[in-house]
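Breakdown of the fold
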Amino acid sequence: MSIFGEVPQAAPVAVFKLTADFREDQNPSKVNLGVGAYRTDECQPWVLPVVRKVEKMIADDHSLNHEYLPILGLPEFRSSASKIALGADSPAIKENRVGAVQCLGGTGALKIGAEFLRRWYNGTDNTKTPVYVSAPTWENHNAVFSNAGFEDIRPYKYWDAGKRGLDLEGFLGDLESAPDHSIFVLHACAHNPTGTDPTQDQWKQIADVMKRKSLFAFFDSAYQGFASGNLDKDAWAVRYFVSQGFELFCAQSFSKNFGLYNERVGNLTVVAEDQDNLNRVLSQMEKIVRITWSNPPSQGARLVAITLNTPELFAEWKDNVKTMADRVLLMRAQLKEKLKALGTPGTWEHITEQIGMFSFTGLNPKQVEYMVKEKHIYLMASGRINMCGLTTKNIDYVAESIHEAVTTVQ
Amino acid sequence: MHRRKMSARSVFDGAVFMSSEMKLLEDFKRDSHPDKVNLAGREYVGEHGHTTWLPLVRKIKQQIATDLTLTPEYPPILGIPEFTRRATELALGKDSPAIVESRVFGVQTVGCTGAVRLGAELLRSCCCSNSSWSGPILLSSPCDDSLLGTFKAAGIEDVQHYRYWDAESNGVCVENMVHDLENAPERSVVVLFASGHSPTGAELSQEDWKRLAEVMVTRQLFPFFLMSAQGLCSGSLKQDAWPVRHCVSLGLELLCAQSFSHNFGLYGERVGHLLCVLKQNLLAVQSQAEKLVQTLWSCPPMEGARVVTTVLNNPAHLVEWQESVKAIAERCMLIRERLRERLRLLGGPWHWDHIIKPGGLYCCFGLNTQQVEFLVQKKHIYVLPNGCLNVSAINSRNLDYVAESIHQALSSQL
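Basis of the calculations
Residues numbered from 1 in each chain as written. Chains lettered and ligands numbered in written order. Predicted model: local features only at pLDDT ≥ 70, side-chain atom pairs only at ≥ 80, totals over all residues. Heavy atoms only, no water. Helix = DSSP H or I, 4+ residues; strand = E, 2+ residues; numbered from the N terminus. Rg over C-alpha atoms; globule rule 2.2 N^0.38 Å. Buried < 20%, exposed > 50% of the residue type's maximum accessible area, 1.4 Å probe, protein only. Areas by Shrake-Rupley, 256 points an atom, 1.4 Å probe, with all protein chains shown as cover. Lys, Arg positive; Asp, Glu negative; His and termini not counted. Charge placed at Lys NZ, Arg CZ, Asp CG, Glu CD. Salt bridge = Lys/Arg side-chain N within 4 Å of Asp/Glu carboxyl O. Pairing = 2+ DSSP bridges. Axes fitted to C-alpha atoms, helices over the stretch in contact; angles between N-to-C directions. Contact = heavy atoms within 4.5 Å. Parallel < 35°, antiparallel > 145°, perpendicular 65-115°, else oblique. Nonpolar A, V, L, I, M, F, W, Y, C, P; charged D, E, K, R; others polar. Expected span 1.5 Å × (residues − 1). UniProt positions renumbered as here; feature names shortened; annotations may be inferred. Buried area = accessible area lost by both parts, 1.4 Å probe. Polar contact = N/O pair within 3.5 Å; in protein donor to acceptor, adjacent residues only side chain to side chain. Left-handed = near helix turned anticlockwise from the far one by under 90°.

Concerning the overall build of chain B
The helix and strand tally for chain B stands at 17 helices and 13 strands. In summary, chain B has a C-alpha radius of gyration of 22 Å against a globular reference of 22 Å for 414 residues, a match within 12%. Within the span of chain B, comprising 414 residues, buried residues form 60% of the whole. Within the structure as shown, chain B displays about 16,600 Å² of accessible surface, and the carbon and sulfur contribution to it stands at 52%. Computed over 41 positive and 43 negative side-chain charges, the inter-centroid distance for chain B is 5 Å.

Describing the pattern of salt bridges
All names here are of chain A. Applying the stated criterion across every chain, the model contains 42 salt bridges over all chains. In this structure, the salt-bridge partner of K375 is E404, at a minimum N-O distance of 3.3 Å. Of this pair, K375 sits in the loop between α15 (365-373) and β12 (377-378) while E404 sits in helix α16 (residues 395-408), and the two are 29 residues apart along the sequence. By relative accessible area, which is 27% here, E404 ends up partly exposed.

Points about the pairing of strand β10 (residues 265-271) of chain A
Residues and elements named next belong to chain A. Of all seven residues in β10, seven are buried, a share of seventy percent or more. Across the two faces of β10 the burial is the same, with V265, N267, T269 and V271 and G266, L268 and V270 all buried. Sheet topology note: the strand β2 (residues 98-104)/β10 ladder contains seven bridges and is antiparallel. Paired with Q102 across the strands is N267, a residue of β10. Where strand β9 (residues 248-253) meets β10, six bridges bridge the pair, whose relative direction is antiparallel. Directly across from Q252, in β10, lies its bridge partner N267.

As for the sheet that holds strand β4 (residues 153-157) of chain A
All names here are of chain A. The seven strands are arranged β2-β10-β9-β8-β7-β3-β4 in an open sheet whose pairing can be described as mixed. Each edge of the open sheet carries a strand with a single partner, namely β2 and β4. Strand after strand, the sheet turns through a mean of 25° between neighbouring axes, direction not considered. Where strand β3 (residues 131-135) and β4 come together, five bridges link them in parallel fashion. Counted as the bridge partner of Y132 is R154 from β4. Its contacts with the sheet put helix α5 (residues 105-120) on β2, β7 (183-187), β8 (216-221), β9 and β10, and the angle it makes with β9 is roughly 160°.

Considering the packing of helix α2 (residues 49-60) of chain A against helix α2 (residues 55-66) of chain B
One can describe the packing of α2 of chain A onto α2 of chain B by two numbers: an axis separation of 9 Å at closest approach and a directional angle of 170°. As the angle between them shows, α2 of chain A and α2 of chain B are arranged roughly antiparallel. On α2 of chain B, the residues that touch R52, E55, K56, A59 and D60 of chain A of α2 of chain A are R58, K61, Q62, A65 and T66 of chain B. Looking at side-chain class alone, the contact of α2 of chain A with α2 of chain B contains two nonpolar, two polar and six charged residues.

Looking at α2 of chain B
Taking 1.5 Å as the rise per residue, α2 of chain B with 12 residues should run 16 Å; its terminal C-alpha atoms sit 17 Å apart, in good agreement. Turning to α2 of chain B, its buried residues number three or more, namely L56, V57, R58, I60, K61, I64 and A65 of chain B. Next to the buried residues of α2 of chain B lie α2 and α12 (298-309) of chain A together with α11 (261-264), α13 (303-313) and α14 (315-346) of chain B.

Some thoughts on the UniProt feature "domain: Aminotransferase class I/classII large" (unreviewed entry) in chain A
Here the UniProt-annotated "domain: Aminotransferase class I/classII large" (unreviewed entry) positions come out as residues 29-402 of chain A. What you have in residues 29-402 of chain A is 45% helix and 15% strand, and the ends, taken at the C-alpha atoms, are 14 Å apart.

Some details on the interface of chain A and chain B
Contact with chain A, which involves 83 residues of that partner, is made by 90 residues of chain B. Taking both sides of the interface into account, the surface hidden between chain A and chain B amounts to around 7,800 Å²; carbon and sulfur atoms contribute 54%. On the surface where chain A and chain B come into contact, there are two salt bridges. At the boundary of chain A and chain B, one finds 37 residue pairs in polar contact (both at pLDDT 80 or more). Looking at the side of chain A that touches chain B, the elements that each hand over two or more residues are α2, α5, α6 (140-147), β10, α11 (275-290) and α12 of chain A.

A short note on the packing of helix α5 (residues 111-129) of chain B against helix α6 (residues 145-153) of chain B
Residue and element names in this part refer to chain B. One way to put it is that α5 packs onto α6 with a least axis distance of 8 Å and a crossing angle of 40°. Of the two elements, α5 crosses α6, and the hand of that crossing is right-handed. On α6, the residues that touch T113, V116, R117 and A120 of α5 are L147, T150, F151 and A153.

What to know about unusual backbone geometry
For the bond running from A135 of chain A to P136 of chain A, omega is 0°, close enough to zero to count as cis. Mapped onto the secondary structure, P136 of chain A falls in the loop between β3 and α6. Residue R164 of chain A is not a glycine yet carries a positive backbone phi of 55°. Within the secondary structure, R164 of chain A is located in the loop between β5 (159-160) and β6 (165-166). Residue R164 of chain A is classed as partly exposed on the basis of its relative accessible area, which comes to 24%. One non-glycine residue with positive phi stands out, namely N281 of chain B, at about 60°. Topologically, N281 of chain B is positioned in the loop between β10 (271-277) and α12 (282-296). Under the relative-accessibility criterion, N281 of chain B is labelled partly exposed at 26%.

Shown next as structure tokens:
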């Protein structure tokens, strides 16, 4: 009998199944509001102009060496990426207590951080440390931490479906009742899937409790720049925590804000108490990387490093990011206007109040099913839509379909 | 600006400093001795002393950079289908019964390490789902620390060793290996090396492989091949893959971790592939692989895989590439012959045939700790533990110095 003979079939990943179904759909009006990738108004993927430029520079550069990158990654990528998160003038950077590990996208950064914490945080190999993820959260958070060995992964209250906003009271309550030293996975900005972020004041309250109870802040930052169009504004929460003296991890992804989904560019920024602690942490992370993927891939990291470290390219990139963020803001504004004009029951303010790529529409599962089956508009069962899937050409159809779903399906 | 301290203690207090495997490389970099030689690297270096892109690779990378039809979309979780198809064909041969019978699937991974890690995670998931199987995994003795570490990190607890390198004969003692496999628990997973063992470089003949394969069939052992440098050992892609293909022809299920780092010079791009040849339950295992990939890296990086796919898809490119691979293999063989010749001329009671017997990058001298230390500290020649070394870093400029130093290291213990 084969040793693989009893392996059970795993359920397909919902968001990819959605895209697969969309691809097979022959209906000419079909719209894909599922997977989180940016699309232009022509509904095409967008290679950022600055990326095209730098790609060519790299291909033509004969001086580049082709060896394995260091295990921790390209040094100039790691430092410039951390600066993006923390700010170039961050006191923590000046105090030499910030380091980073280049990883395979945001997922890889979460993975390395999780593997480190499981081995070295709150004791040695303490797999019982609770890990809290928001309710709801990106569906892969649970799997990454669980596969890293953590046995106790719990939700913390986050989304209030009734008022279609942040359940701050619930959130703070879960922070208070969490065992000390628990790990909390926080979305740095543009919460996935709700698009609802705490205000600065709310972050302050969250930080207060976390500090008091020595809870560990593990930020997931996949949309910096994409939320407001401004990198610094989107990094406010992470920087605030650093200013409050937290040691923390920040898993950064450059998939969305560089449009480099396929080159897997991520960075795990580590803020430690001091340089000695930082060095010990990085040395252990190096060991973990070595037995996971050994060395990270060079293409994407080189591209990002060159862009961030060259003033004109950096300016051009920020501009490209703003272009994407602005299109999303426009679609948000237009969708809300159209729903209001149609007189669709309910309030739709949340569409423009929410931030980033996603909107939690508030459509219930039956209404979602109607959208998918009857209208060929593909969105997640949770009611999450990717605003980037909206274009000036399909927005009327989508608005009308939402209207129909809300008025005819209970 | 004074930072408000949360507490005097860091939350990372428990983490102890881990000395790096890269320490050898760091020491080498800091070494200012004019004659220093690094024979402990993992890459193939050319006569000029550094890694190099094949001209074909450079050309294709430029094409990719200007190809407006390529999109930056997330690739499928298991990688580019064209890539996995070609990588599978490369390993098994286009007309392999496993391919014809649709009993194989492939996963594009982050290098060979990524392939091994994924394979290890898949095996561990079998332990969980199949109460009648719990290992063990058999690794060669010696094996790289990182290989052992990769299996352990995936949660495999029962790791044992089979005897491989034999210090007496400076090669593989097949008798010992056969004995250990015959006495391993049924359905053990055995990690084997096609295209050169790491770190010793010691190879098995086709006759040896036939014997081992017979044992594996009888004992229902499950081979997990590491093929990190297909083509670089013998100069022939087909010949290097022979052990894998032979096992498949006997109906064995197996995993095979492939790397395109060495044979394409694409070290930086991390192009790897995990091949799974099964008898049944293919789709379920594939779905588990997808689930596991999501917890590791979500989906693999495209750049390197695109280059490899472009070459493997195009008959003219394929020929050019095969010739480059052959040239690398031939250079390694030439270096080995020259090294043997120098050592022979330097005299002494030792035999040197074991240097030229295997092909590929690695060679083992079975040096003890003091001898290795002598080479590193006194002669500034950096070698791996056991005195294994990467022959490609030996060139016409340092050959004499390396040969003399090895001779001295061995003589000093007489």
